[in-house]
Structures are given as C-alpha cells and as structure tokens.
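Secondary and tertiary structure notes
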Amino acid sequence: MTIFRSIPLSLHAGIETAAAPILMAAPFVLGFGQAATVVSVLVGVLLLGLALQIPGPQRAVPLAFHASFDYALAIFAMVAGLTVGFATGSWESAVFLVGAGAALVALAASTRFSAPRGA
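Within each chain, residue numbers correspond to sequence positions counted from 1 in written order. Reporting of local features is limited, given that this is a predicted model, to residues whose pLDDT is at least 70; pairs of side-chain atoms are given and counted only at 80 or more, and all residues count toward the totals for whole chains, interfaces and linings. Values shown for side chains rest on all heavy atoms present in the structure; no hydrogens or waters enter the calculation.

**Some thoughts on helix H1 (residues 9-30)**
Helix and strand definitions here come from DSSP, where helices need a minimum of 4 consecutive H or I residues and strands a minimum of 2 consecutive E residues; each element is numbered from the N-terminal end. The span expected for a helix works out to 1.5 Å for each residue beyond the first. For H1, with 22 residues, the first-to-last C-alpha span of 31 Å sits near the 32 Å given by 1.5 Å per residue. Of all bends in H1, the biggest is about 30 degrees, found at Met24, and the proline Pro27 comes one to four residues later. Exposed residues in this analysis have more than 50% of their type's maximum accessible area, buried residues have under 20%, and partly exposed residues fall in between, with area computed by a 1.4 Å probe over protein chains only. Residues of H1 that are buried include every one of Leu9, His12, Ala13, Glu16, Ala20, Leu23, Ala26 and Pro27, and no others. What makes two residues a contact is simply this: any of their non-hydrogen atoms within 4.5 Å. Looking at the buried side of H1, the elements it contacts are helix H2 (34-52), helix H3 (63-88) and helix H4 (91-109). Just past H1, the residue Gly31 takes up positive phi, approximately 75 degrees. Fitting one axis to the seven residues ending at a residue and another to the seven starting there, the bend at that residue is the angle between the two axes.

And the structure:
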C-alpha cells in the first residue's frame, strides 16, 4: 500500500497551497457563471485553510481527519460541478470543477498522511 502513497505530507500541503489560489482565480479568468464561481471560490478557500494548518505540531485538524476532509471536498467539487452543469448548462465550468475534484482525489489517494514524531 505504501508504494501508492508516495507523496510526503509536506509536498501535499505545498500542492494544495498552490492549487487553492488557482481554484479561486479560475472562474474570473475563464468567465464562469455565478454558481460555478461561488463553488470554485468556496472549494479554493476550504482547500487553502486545510493546507495552511498542516505544518507544525499544533494542527487544528488531525491528519486522519484531513484525509477525510480532502475526500469530502473533492466529492463536493464534483457533485457541485455536475449540479451546476445540469442546472445552468455551463458545461465548461462543470468539467473544470469535476476535474479539480478528481485531481484532489488523486492527490489524497497518493499522499502518506503521517508526520515524523514531534512534527
């Protein structure tokens, strides 16, 4: 199982920290509608909040819960993307949100959610 979980926690946090602003800016750059913009910015804000609390021993969210939150956030992005697509017909934004959710699932699935003692 560890062969598939090759991304260390610090790199996971770095990828999330870089991806969150992209998720927040994409609707404005790509011209999404209001619903897709709200969903994308919300997912970006929540992702950034999760990423910034990873470093250090005083985590607000334990690592096991962080993994669960990553999966829940990914599912939310995919379901909301499909909902926006069906409700508004804006399939470009739907594909973006479903793709972002799939990328979050891949990142969470390939991350070792363990930290060295004292870290």
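**Re the packing of aromatic side chains**
Note on ring pairs: Phe, Tyr and Trp rings are taken, using the six-membered ring of Trp, and paired if centres are within 6.5 Å. Classes follow the plane angle, with under 30 degrees stacked, over 60 edge-to-face and the rest tilted. Per the counting criterion, the structure on display carries two aromatic pairs. Judged by centre distance (5.0 Å) and plane angle (90 degrees), the ring pair of Phe86 and Trp91 falls under edge-to-face. Since its relative accessible area comes to 65%, Phe86 is described here as exposed. Residue Trp91 is classed as partly exposed on the basis of its relative accessible area, which comes to 38%.

**So, the side chain of Ser40**
Tracing the backbone shows Ser40 in helix H2. Taking relative accessible area as the criterion, Ser40 reaches 0% and is therefore assigned buried. Setting aside residues up to four positions removed in sequence, Ser40 forms contacts with Leu23, Met24, Pro27, Phe96 and Leu97.

**Topic: H2**
Relative to the 27 Å expected for 19 residues at 1.5 Å per residue, H2 spans 27 Å between its end C-alpha atoms, a close match to the ideal helical length. Of all the residues in H2, the buried ones are Ala36, Thr37, Val39, Ser40, Val43, Gly44, Leu47, Leu50 and Ala51. For H2, the angular spread of buried residues about the axis comes to 165 degrees, placing them on one side. Every exposed residue of H2 that faces more than 90 degrees away from the buried side is listed here: Gln34, Val38 and Leu52. On its buried side, H2 packs onto H1, H3 and H4. Picture the helix axis, draw a direction to every C-beta atom, and the arc is the one those directions span.

**Topic: the side chain of His12**
In this fold, His12 is placed in helix H1. On the accessibility criterion, His12 (0% relative accessible area) is buried. As used in this structure description, the phrase polar contact means that two N or O atoms lie within 3.5 Å; if the pair is within protein, one of them must be able to donate a hydrogen and the other to accept it, and residues adjacent in sequence are counted only when both atoms belong to side chains. Polar side-chain contacts of His12 include one of 3.4 Å to the side chain of His66.

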